[in-house]
Every structure is written in structure tokens, then in C-alpha cells.
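What follows is the residue order along each chain.
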Amino acid sequence: MTTNKKNKHIVVPQLGDYRALTTLGVPLVIGQIGVVLQNFADTLMIGHHTTVELAAASLVSNIFILGLLMAMGFALCLTPVIGRSFGQDDTKSIGKTTRNGMAVNTLAALFLMAFYTVFYFFLDKLGQPEELLPYVRPYYLINLVSLPFVCWVNALKQFFDATTDTKTPMWILLGGNALNILGNWLLIYGHWGLPEMGITGAGLSTLIARVVMCAAIVIAFATSRRHREERKAFARSRVSWPAMRSLIALGVPISLQMGMESGAWSLCSIIVGWIGTNALAGHQIMLTISQLFFQFYVAFASAVSIRVSHFNGQHDYASVQRTAWAGCFLNFAIAIIVAIPVIIFRQELGFLFTDSPEVAAEVSAAIFPLVVYQFSDGFQCTYSNAMRGLAYVKPVMLVAFVSYFVVSLPLAYIFGIVFHWRLVGVWFSFPFGLTIAGLLYYHYYMKRLKTHP
């Protein structure tokens, strides 16, 4: 691969850039959608058992989602470092980074477990209905125990992804999700002679699936011929505080960025709740629809991060620019593909989730801003991940704060409450925040490129 240090002009993507991103991105898409379908299946299967258990599961999931996203940030910090070493064919550094990355993610798991253990004793202070607590407590504790396995899977997944082996974690995630769904069927409802455990069974199924996925990805790492040299380097390396500290310095901004994004969407849900029950139900449906679309952007943007980290290691910044633009165009194409059926079937989409005409009407009205911001979402996803591939993550906290807390949240209140545009007004705030996020990420990305000769 040739090296080109000239980065003063935009480089037009080539067919090979699209092919490489697609090869990396498709397994990532499949894995991401598998996670979404697992969450959908959990909600559906618990909901068909009892409504009170569905409410309890929803409460616990919302409590843990912020911690899980922030934990993901400490795993994602491995991609640029391992990817840069992979681009330089430096297996020794890959092994060392992976070992220290596992240590960092173990610390993150211990921190989260300590926080959520303390939080457990305040569950009865959250103002939730008393009848939920007998279901919430065991489900909460099972989720608490499973946190380290999630962190370890995340860390090793980034090792495989950064070394372009995206298919291995894809199959492990799909297998784990299938196991979780089977476990739900057995333990929630009590099939095959097993006890009917309801929400506790769903929690145990999730724990078992996470333990099995962790074991599977460790075995894949320990036995893969493709990664023999990296494994030897992993065994020879030692955990060191300087190496961990540099990974933490990368992980903290990414974690805070993801936490602020999640927090902003949660606060928007509170604003929608002020509008009314139908609006809140429609909002939840819109979040489900948008989450499915978002997985495509995240997957191809992650592929951009991987490729950019490789070229960053080779100091090939022309290829960095080609890769980022190719990822941007791919996400724009996905946005167009997504927009067509959504617009055509906007009147029917709500009825996939509800029998209420009023809720379906709220969904139909909010489809237009959803379609509009798909392009901004793909843009900001691409360039935030391009920055991550360059290991330039300090600005992402500021961008996330400005875009979501300074722009989107106030506009959601103004459009939805002050202007009385209701749910559609809240959703019209998202294109503004996401567009500003994309432009700021692009600005910092180009600023970083200009520092290279």
C-alpha cells in the first residue's frame, strides 16, 4: 500500500474504498441488528408474561443503559490504538494494547458494579409503584452480576474488529442472541419441564448468554490461527499503568460523548411526557424505528474508524480522506434507501406497534423530521468515528454537549411545548442538533488532518 502524506485537497473515493468498507461493515451491521432484535424479543416476551414485569424490566433497562454505553466507550478506545498498530504490522503493540485494554475494561466493570451496588439500595426511593419492586430487585441484581462479562466481550470485540476480523464477533453475537431468546422461552414461560420464572428467568437467560458469549470470544482469541502472533505478544506483555492511563485518556471522552447522547434522548422523553400519553407512546415507537436505522450508520461508521486507524498508522492521509468520504457517501445512500419506504408507509408504521389511531397519527406526523435527520445522523456518525480512528477524541465531549444539550434540548422544548407543535416539534429539534454535531466533527477532523505534513 502506497503512502501519501499530501492532504491539502479532498481525495475522491475509489471503488476499492467502498468495497473495503462494505466488507468490514456488513458483519458489523448484522451484529448490531442482532442486538436490537434481542432487545425487541426481550421486551416482547416479558410483555406477554405480565404487564407489571414489562414495566419492571423497562425500569431496570433504563437504569443500566447509561452505564452500558459508557462502558462501551472504554472498549471503543482500543480501536484506534490497535488499528494503528495493525496498519504498521506491529503485533507486539497489538498484544500489549489488548492486554492493557482488558485491564482497563475490568476496572470499568468494577467501577460500574460498585456504583450500581450502591444505587440498588435507593431503588425504593425512585417514586416507582410499590408493586414493581419485588420484580425489579432480582432482575436488577442479575444484570449487575453480568456487567464484567459485557465489558470483556466489548474489549475483545474491538480487538477482532480493529484487525479486520469482524465476522468472528458477528457470529458470537448472533449465537449469544439466539441463546438468549431460547433461554427466555424456556425460563420465562417454564417450557421443557423448567420452572416458570417470569422476569427473573429473563434475567438469568441474559446472564447465561453473556457468560457464554464471553467464553466464546475468549476461546476464539485463544485458538485462532489468524491471530497467533498477536496472542503470543499478549502472553508476553504485562499490564502497565502508563499504557492503561493512555487508554483511559481516550476512553473517557468517548464514554462521556455516548453518555451525553443517551442522556439527551432520555430528557427529550421527559419533555414528550409533558405533552401527553399518546405523544409519549408515539415517541417510544419512533425511538424504536430510528434505533433500527441508526445501527446501519454506526456499523459503517465503525468500519470507517477501523480503516482510518490503519491508514493513520501508515501516515497515509490521502487514504484517510478517501475512506471518510466513502463512508459518508455510503451512509447517505442508506439514508435515501431508508427514507423511501418510511415515507410511503408512514400512515401504517404506527399500527405495527399499536391499535390506537391517535398514537399512529402521532407517529405519522413525526416521520418527516425523522427522514430529514437521517442524512445528518449519517454525517455526524461518520466523522465522529473518523476522529476516533485518528485517536483524536478530546473534542467529542464538547461537540456532544453543544449539539445535544445547548441546541437539541432547548429546541425540543421550544418547538414541542412553547410553539405547541407537540411530538413533531420535539423531533424537529433533532435535525438541528445532529447537523451541528456533524459540522463540528468534520471541522475537528479536518483540523486534525492539517497537523500532518
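Reference entry: report on the structure contained in this document.

Procedures and definitions
- Residues numbered from 1 in each chain as written.
- Predicted model: local features only at pLDDT ≥ 70, side-chain atom pairs only at ≥ 80, totals over all residues.
- Heavy atoms only, no water.
- Helix = DSSP H or I, 4+ residues; strand = E, 2+ residues; numbered from the N terminus.
- Buried < 20%, exposed > 50% of the residue type's maximum accessible area, 1.4 Å probe, protein only.
- Contact = heavy atoms within 4.5 Å.
- Areas by Shrake-Rupley, 256 points an atom, 1.4 Å probe, with all protein chains shown as cover.
- Lys, Arg positive; Asp, Glu negative; His and termini not counted.
- Charge placed at Lys NZ, Arg CZ, Asp CG, Glu CD.
- Axes fitted to C-alpha atoms, helices over the stretch in contact; angles between N-to-C directions.
- Parallel < 35°, antiparallel > 145°, perpendicular 65-115°, else oblique.
- Left-handed = near helix turned anticlockwise from the far one by under 90°.
- 1 Å grid on protein atoms, 1.4 Å probe; cavity = no way out; pocket = protein on both sides within 12 Å on 5 of 7 lines; lining within 4 Å.
- Points joined across faces, edges and corners; volume = space filled by probe spheres on them.
- Phe/Tyr/Trp six-rings, centres within 6.5 Å; stacked < 30°, edge-to-face > 60°.

This part covers the overall build of the protein chain. When helices and strands are tallied, the protein chain shows 15 helices and zero strands. C-alpha extents for the protein chain along the principal axes are approximately 60 × 50 × 35 Å. For the protein chain, the proportion of its 453 residues judged to be buried stands at 55%. For the protein chain, restricting intrachain contacts to residue pairs at least 6 apart in sequence, the fraction spanning at least 24 positions comes to 83%. When the accessible surface of the protein chain is totalled, it reaches about 19800 Å², and 69% of it is carbon and sulfur. The positive charge centre, built from 30 side chains, and the negative charge centre, built from 20, are 18 Å apart in the protein chain.

We now examine unusual backbone geometry. Unusually for a residue other than glycine, Asp-89 sits at a positive phi of about 60°. Considering the arrangement of structural elements, one finds Asp-89 in the loop between helix H3 (78-87) and helix H4 (91-120). Among the residues examined, Asp-89 registers a relative accessible area of 65% and is labelled exposed. Even without glycine at this site, Trp-192 takes up a positive phi of about 55°.

Glancing now at the packing of helix H9 (residues 241-275) against helix H15 (residues 422-450). Axes are the key here: two packed helices are described by the angle between their axes and the distance separating the axes. Interhelical geometry of H9 versus H15 gives an angle of 160° and a closest axis separation of 10 Å. Taken together, H9 and H15 sit at an angle that is classed as roughly antiparallel. As H9 packs across H15, the resulting crossing turns out to be right-handed. Counted together, Gln-257, Glu-261, Trp-265, Cys-268, Ile-271, Val-272 and Ile-275 of H9 and Arg-422, Leu-423, Val-426, Trp-427, Phe-430 and Tyr-441 of H15 form the full contact between these two elements.

To continue, consider empty space enclosed by the protein. All chains considered together, the criterion is met by two cavities of 30 Å³ or more. Volume-wise, the largest cavity comes out at about 70 Å³. If you trace the largest cavity, you find it lined by Ala-264, Trp-265, Cys-268, Tyr-404, Ser-408, Phe-430 and Leu-434. Of all the secondary structure elements, the ones that give two or more residues to the lining of the largest cavity are H9, helix H14 (394-418) and H15. It is H9 that provides the largest number of residues to the lining of the largest cavity, a total of three residues.

Counting across every chain of the model gives 32 aromatic pairs. Between Phe-221 and Phe-234, the ring centres sit 5.2 Å apart and the planes meet at 75°, which makes this aromatic pair edge-to-face. Linking Phe-221 in helix H7 (residues 199-223) with Phe-234 in helix H8 (residues 228-236), this pair joins segments that are 13 residues apart in sequence. The two residues Phe-221 and Phe-234 agree in class, both being buried.

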